[in-house]
Amino acid sequence: MPSASDMTEQASFKAHLAIHGKWRSRALRAVHDLRTCLRAAGAGSPESDARLRRALAAIETDRLTIAVAGDDRRGKTELINALFFADFGRRLLPVTHPGGACPLEIQWQIGDTDACLRLLPIDHLDSTEPLTALKAAPERWVRLPLHPQEPEQVSATLAEIHRTRPLSPALAARLGPRVQMATGDRGNREVPCWRYAVLSVPHPLLKKGLVLLDLPGLAATARDPALSRELLSRSDALLMTIAADQGVQASDLRLWQTYLCDAVPAPALTLVALTRTDLLPAERGQRAARLERLTRSTANVLGVERTA
């Protein structure tokens, strides 16, 4: 159940997103009106028309992208469900798996008619092409349909993100020294099946231009650092999660220092959130005192400004 402060943050966020949506609608109308006026006055040209088409495409695809990061078992998925989809009636994202095997992009993709999950095979792990180029080649992706009114079907389909497979000799040969990163510390010669996943759902917030990047934990980020850098470079905000019942662990610090806080260009806004506070001592005084110490120590360790 979201707290009163969570509800306030949700309302504020939705209000700002609504303002963004109205701006986008007004901008689209203005460009359309300008093109109509130019044509009516006979002042248009193929060059000006092409520029206006590019302007329309840029406005239509404008998004507010928020990256949510954290190591495994840090309450990241629950936070996404609570902050952005609390009014969905149920969890949009299942939390039965301890952590994401690959980055998950959550959006409503223009042109989609139904909800779906798109998956990029791990065979593209060594690709130097940017994600935008890979997205422009739909034949490289596996598309799975989703039925949002059937929670069990959605959960079963999203579980596909966590599936692994044996490391093939061909992929091992291409990866070379990166095999250990790809297979994890156990070196069990298993790799995730997928490098990237895109969840397209017709949720009201997503239709207004919100894009969420559910970034994976330390191991998966270390396996594909170039992709993590690309995702952060196009994010407007970064939200890092720290589990209140654990505090800042060594893996949290490494993820933060090595892969997140030095992103270039950096997101305009960076926040750190304490999650899993329900696991702290139940007594009100003890919980408040513990949260105060955790907030102070987390800000000091990560080198961020304390705002609450």
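This text goes with the structure placed above it.
Now for a description of the structure that goes with this document. (Residues numbered from 1 in each chain as written. Predicted model: local features only at pLDDT ≥ 70, side-chain atom pairs only at ≥ 80, totals over all residues. Heavy atoms only, no water.)

### A closer look at helix 10 (residues 225–233)
Inference 1: Taken together, the buried positions of helix 10 are Leu227, Ser228, Leu231 and Leu232. Projected down its long axis, helix 10 carries its buried residues within an arc of 130°, all on one side. (Buried < 20%, exposed > 50% of the residue type's maximum accessible area, 1.4 Å probe, protein only. Helix = DSSP H or I, 4+ residues; strand = E, 2+ residues; numbered from the N terminus. Arc of directions from axis to C-beta.)

### Some thoughts on the sheet that holds strand 7 (residues 194–200)
Backbone-to-backbone hydrogen bonds pair the strands of a sheet. The strands run either parallel or antiparallel.
Inference 1: Spatial strand order, 4-3-7-2-8-1-9-10: eight strands in an open sheet with mixed pairing. Edge strands, defined here as strands with exactly one partner in the open sheet, are strand 4 (142–145) and strand 10 (269–275). Looking at each pair of strands side by side, their axes are set apart by 20° on average, direction ignored.
Inference 2: Here three bridges tie strand 2 (residues 104–107) to strand 8 (residues 210–214), and the two strands are oriented antiparallel to one another. Bridging across to strand 8, Leu104 finds its partner in Asp214.
Inference 3: In the packing of helix 5 (residues 151–158) onto the sheet, the strands contacted are strand 3 (116–121), strand 4 and strand 7, and the crossing angle to strand 4 comes to about 165°. (Pairing = 2+ DSSP bridges. Axes fitted to C-alpha atoms, helices over the stretch in contact; angles between N-to-C directions. Contact = heavy atoms within 4.5 Å.)

### Describing the packing of aromatic side chains
Inference 1: According to the stated counting rule, one finds one aromatic pair in the structure shown.
Inference 2: An angle of 85° between the planes, with centres 6.4 Å apart, marks the rings of Trp141 and Tyr196 as edge-to-face. Within this pair, whereas Trp141 is found in the loop between helix 4 (131–135) and strand 4, its partner Tyr196 is found in strand 7, the two being separated by 55 residues in sequence. The residues Trp141 and Tyr196 share a single accessibility class, namely buried. (Phe/Tyr/Trp six-rings, centres within 6.5 Å; stacked < 30°, edge-to-face > 60°.)

### Notes on the nonpolar core
Inference 1: Counting 32 residues, the largest nonpolar core has Phe84, Ile106, Leu117 and Leu199 as the members making the most contacts within it.
Inference 2: It is helix 3 (residues 76–84) that contributes the most residues to this core, four residues altogether.
Inference 3: Counting residues in hydrophobic clusters, the runner-up holds 25 residues, among them Val211, Leu213, Leu218 and Leu232. (Core = buried A, V, L, I, M, F, W, Y, C linked by side-chain atoms within 4.5 Å.)

### Section: the pairing of strand 9 (residues 237–243)
Inference 1: Most of strand 9 is tucked away, with seven of its seven residues classed as buried.
Inference 2: Sheet analysis places strand 9 next to strand 10, joined by seven bridges and oriented parallel. Bridging across to strand 10, Ala243 finds its partner in Thr275.
Inference 3: Read as a crossover between parallel neighbours, the route from strand 9 over helix 11 (residues 250–260) to strand 10 is right-handed. (Right-handed = clockwise from strand over helix to strand, strands pointing away.)

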